[in-house]
Amino acid sequence: MRMDSYRQSVSRADPGCVIILLDRSDSMKLRWGNTGSTLADGAALAVNNILLDMCIKATAEVNAPVRHYFDVGVFSYGACVLQPGEGVESAFGGPLAGRGLVPLPELAEHPMAVRTEPSIDLMAVSAKMPVWVDPVHGYRTPMCQAIAVAGGHVYDWAAAHPNSFPPIVINITDGMVTDNPYDGASLPEWGKRLTSIETNDGPTLFFNVFLSPSEQDEIMFPSTPAGLPQPGPDLFGLSSDLPQPMIENARVDGYDVQPGARGLAFNVSRSTLLKVLQIGTRVPDRPM
Amino acid sequence: MIRSRTVIYYAPKRGNAEAEWEDGGAASPGAGGGRPRFAVADGATQGFGSARWAQHLVAGFVGAGADAPPGLSPGALFGWLETMQARWYDDSRLAGASAIERLKLEEVGSFATFLGCELTPEPRPRWTAVALGDTVLFHVRDDRLVTQFPALSAADFGYNPDGVSTKPEALREQVGRALTGEGALADGDLLYVATDAFAHWMVEQNLRDPGVLWPTLAGIAHPDTFRRLVADRRGCGDMGNDDVTLLRAQVAVSASVPEPAYLVVCL
């Protein structure tokens, strides 16, 4: 990793880009530990929470629009809603359905609904919150295709924002990839293609989050693939080194991050998922 | 008798509108018992209403009567900031807040670094300042740095968590972390107060080329000159793209030093 990478702050002059790849395969219907809800429910809840978080962070004053600090995309793979069947599509519902990258002010203006949702940390409280993504599950796990679709958006975005903090792509999955190889390239090759797209501030970041339906020990930001159960080693190989801003985010949240740590969270619980998304998307808003 | 001629220069982040500058700067010739005061604050970009909070703090510090702290002791500061917090929430504009805005107001609120300075003539002329965070005062005499307060190194900027928030429950701890400093003043001394991006650059330049830095800053006579300096430094990567503020106070401690002979009007 270049020493001078990942130093750009996020501003309207140089906004950031966050893309979430959301596994909507059939196995996402499984119950998530003892939460009483499915992996798909929990993942959608965490994605809606992180989108709300980003909108809140970009809200600066009363009666002023949310600031354009990020362009955001959520792409699902597995079951599709717009064109039923297996594939990759924008996961946004409502007015943003079918849209790729959406500027944060537009995202804030156009949730598909505002409804009562359970607390992400399983406390016995619910709150009304905007919702952009619904839980969906079905079909297999075309992760390679999802990375290819994300790569297309990342490529265009990086070309249009050469001085910005590099794009951040976070993949949330629970299963084994089923379309490897895809279009002549293997999963690692798709990962390499994605992370070879750069801005002047460094290469695209690719982080991976693996959800496990059963309660197992979480493995956060490992610095070696040794000891990771499948598909941990493959996801480790795909994941970017955690750059300094995210290392600091993780340490603030109490994680002991070792040198060489990768942006991989394995066997995460429902309440940890949002924390991981926050660590992965919190970019300095003041110069470092 | 102690007087100061104060000027405040500022620039918003590159790409932001003028009104989106989220620092605050203010000066008064004689609040708090006839002693000149000035203050600079830097509202956190992540906060809600940060510009209002920063400007509310500096205006309160230099304001007349009950708005201003009676002194810079921790007790005086705490009482004053309690009042500032209560008044910040008592704003009719908040009645029109959207759901997301209200959530941010309640859960995050606002936060600003702050440096307030008071000049006192007795028993001998001096400045006394209180600082929370990385807004910095530089005391310069004859184009040489006498004191920097707080004494932050270049590596310290961006990592200092201190400041003043709008959350009442955090206030006692925050005031407990306030630093105070002072220094003896002589005729012609210059005091600069700068928010972090500009202060960071000043610290680095003072190590690299103080013989150019201080005459350059002393010679700025128009906001456009300041803006050009900031744009140049940002352009070559020496200065981060942050809101910047520079307050410059020229001090006169003896009656024989004449009042400023001219007034600059910037159009």
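Small disclaimer: the values here were computed from a predicted structure and weren't measured.

Caption draft 1: Representation of the overall build of chain A within the structure. A tally of regular secondary structure across chain A gives seven helices and twelve strands. Computed over C-alpha atoms, the radius of gyration of chain A comes to 17 Å, within 12% of the 19 Å expected from 2.2 N^0.38 for 288 residues, which places it in the range of a compact globule. In terms of its C-alpha atoms, chain A occupies a principal-axis envelope of roughly 45 × 40 × 40 Å. In chain A, 76% of the contacts between residues at least 6 apart in sequence involve partners at least 24 apart. Of the roughly 11,200 Å² of accessible surface on chain A, a fraction of 52% belongs to carbon and sulfur atoms.

Caption draft 2: Fine view of the interface of chain B and chain A. Opposite the 28 residues of chain B that make contact, chain A presents 22 residues. Summing both sides of the interface, chain B and chain A together bury roughly 2,200 Å²; the carbon and sulfur share of this comes to 49%. Seen at the junction of chain B and chain A, the total is four salt bridges. Summed over the shared surface of chain B and chain A, the result is ten residue pairs in polar contact (both at pLDDT 80 or more). Mapped onto the side of chain B that touches chain A, the elements with two or more residues apiece are helix H2 (50-62) and helix H4 (99-107) of chain B. Per-element tally for the side of chain B that touches chain A: the top contributor is H4(B), with four residues. Its residues assigned to classes, the side of chain B that touches chain A comprises six nonpolar, ten polar and twelve charged.

Caption draft 3: Expanded view of the nonpolar core. By size, the foremost hydrophobic cluster in this structure holds 61 residues, and its most contacted members are Ile172(A), Leu211(A) and Leu273(A). In terms of residue count, helix H1 (residues 39-57) of chain A provides more of this core than any other element does, twelve residues in total.

Caption draft 4: Structural context of the environment of Ala11(B). Following the sequence through the fold, Ala11(B) ends up in strand S1 (residues 3-11). Sequence-distant contacts of Ala11(B), defined by excluding residues within four places in its chain, comprise Trp21(B), Phe226(B), Arg227(B), Val230(B), Arg234(B), Asp242(B), Asp243(B) and Val244(B).

Caption draft 5: Focus on the packing of H1(A) against helix H7 (residues 270-281) of chain A. Residue and element names in this part refer to chain A. Contact geometry for H1 and H7: axes closest at 9 Å, N-to-C directions at 35°. Note on packing geometry: the crossing formed by H1 with H7 is right-handed. Across from Gly42, Ala43, Leu45, Ala46, Val47, Asn49, Ile50 and Asp53 in H1, the residues of H7 making contact are Arg270, Leu273, Leu274, Leu277, Gln278 and Thr281. Tallied by class, the residues present in the contact of H1 with H7 amount to eight nonpolar, four polar and two charged.

Caption draft 6: Representation of the packing of aromatic side chains in the model. Taken as a whole, this structure holds 16 aromatic pairs over all chains when the rule is applied. With 5.7 Å between their ring centres and 45° between their planes, Tyr182(A) and Trp190(A) make a pair best called tilted. Between Trp53(B) and Trp88(B), the ring centres sit 5.9 Å apart and the planes meet at 70°, which makes this aromatic pair edge-to-face. You can see Trp53(B) sitting in helix H2 and its partner Trp88(B) sitting in helix H3 (residues 74-89), a full 35 residues away along the chain.

Caption draft 7: Broad picture of the pattern of salt bridges. All names here are of chain B. Counting across every chain of the model gives 23 salt bridges over all chains. Here Arg102 makes a salt bridge to Glu106, at a shortest N to O gap of 3.8 Å. Of this pair, Arg102 and Glu106 both sit in helix H4, four residues apart, which is roughly one turn of the helix. Judged by relative accessible area, which is 31%, Arg102 ranks as partly exposed. By relative accessible area, which is 51% here, Glu106 ends up exposed. One salt bridge in this structure joins Arg126 and Glu182, with 3.1 Å as the shortest N-O distance. Taken as a pair, Arg126 in strand S5 (residues 126-132) and Glu182 in strand S9 (residues 179-184) lie far apart in primary sequence, 56 residues in all. Residue Arg126 is classed as partly exposed on the basis of its relative accessible area, which comes to 24%.

Caption draft 8: Region of interest: the side chain of Gln148(B). If you trace the backbone, Gln148(B) turns up in strand S7 (residues 144-149). Within the structure, the side chain of Gln148(B) is placed 3.0 Å from the backbone oxygen of Pro150(B), a separation counted as a polar contact.

Caption draft 9: Seen up close, the sheet that holds strand S6 (residues 136-141) of chain B. Residue and element names in this part refer to chain B. One open sheet holds the five strands; their spatial order is S1-S11-S10-S6-S7, and the pairing between them is antiparallel. The sheet terminates laterally at S1 and S7, the two strands that pair on one side only. With strand direction ignored, the average angle separating the axes of adjacent strands in the sheet is 20°. Of the pairings in the sheet, the one linking S6 to strand S10 (residues 190-194) comprises five bridges and is antiparallel in character. Residue Phe138 lies in a different strand from S10, and its bridge partner there is Tyr192. Together, S1 and strand S11 (244-252) form the strand contacts of helix H8 (residues 223-235), whose direction differs from that of S1 by roughly 50°.

Caption draft 10: Inspection of the side chain of Thr166(B) at higher detail. All names here are of chain B. Inspection of the secondary structure assignment puts Thr166 in the loop between strand S8 (164-165) and helix H5 (171-176). Within the structure, the side chain of Thr166 is placed 2.8 Å from the backbone nitrogen of Ser110, a separation counted as a polar contact. When residues no more than four places from it in sequence are discounted, the contact partners of Thr166 are Trp53, Gln85, Trp88, Tyr89, Gly109 and Ser110.

Caption draft 11: Molecular detail of the packing of H2(B) against H3(B). Residue and element names in this part refer to chain B. At a minimum axis distance of 11 Å, the contact between H2 and H3 shows a crossing angle of 135°. Considered as vectors, H2 and H3 are oriented oblique to each other. Handedness of the H2/H3 crossing: right-handed. Contacts between H2 and H3 involve Arg52, Trp53, His56, Leu57, Gly60 and Phe61 from the first element and Trp80, Leu81, Met84, Gln85, Arg87 and Trp88 from the second. Residue composition of the contact of H2 with H3, by class: seven nonpolar, three polar and two charged.

Caption draft 12: Local environment of helix H3 (residues 143-160) of chain A. Residues and elements named next belong to chain A. Along its 18 residues, H3 runs 26 Å from first to last C-alpha, staying within 8% of the 26 Å computed at 1.5 Å per residue. For H3, the set of buried residues is Met143, Cys144, Ala146, Ile147, Ala150, Gly151, Val154, Trp157 and Ala158. Buried residues of H3, seen end-on, are gathered within an arc of 140° and therefore sit on one face of the element. Facing away from the buried surface of H3 by more than 90 degrees, the exposed residues are Tyr155, Asp156, Ala159 and Ala160.

Thresholds applied
Residues numbered from 1 in each chain as written. Chains lettered and ligands numbered in written order. Predicted model: local features only at pLDDT ≥ 70, side-chain atom pairs only at ≥ 80, totals over all residues. Heavy atoms only, no water. Helix = DSSP H or I, 4+ residues; strand = E, 2+ residues; numbered from the N terminus. Rg over C-alpha atoms; globule rule 2.2 N^0.38 Å. Contact = heavy atoms within 4.5 Å. Areas by Shrake-Rupley, 256 points an atom, 1.4 Å probe, with all protein chains shown as cover. Buried area = accessible area lost by both parts, 1.4 Å probe. Salt bridge = Lys/Arg side-chain N within 4 Å of Asp/Glu carboxyl O. Polar contact = N/O pair within 3.5 Å; in protein donor to acceptor, adjacent residues only side chain to side chain. Nonpolar A, V, L, I, M, F, W, Y, C, P; charged D, E, K, R; others polar. Core = buried A, V, L, I, M, F, W, Y, C linked by side-chain atoms within 4.5 Å. Buried < 20%, exposed > 50% of the residue type's maximum accessible area, 1.4 Å probe, protein only. Axes fitted to C-alpha atoms, helices over the stretch in contact; angles between N-to-C directions. Left-handed = near helix turned anticlockwise from the far one by under 90°. Phe/Tyr/Trp six-rings, centres within 6.5 Å; stacked < 30°, edge-to-face > 60°. Pairing = 2+ DSSP bridges. Parallel < 35°, antiparallel > 145°, perpendicular 65-115°, else oblique. Expected span 1.5 Å × (residues − 1). Arc of directions from axis to C-beta.

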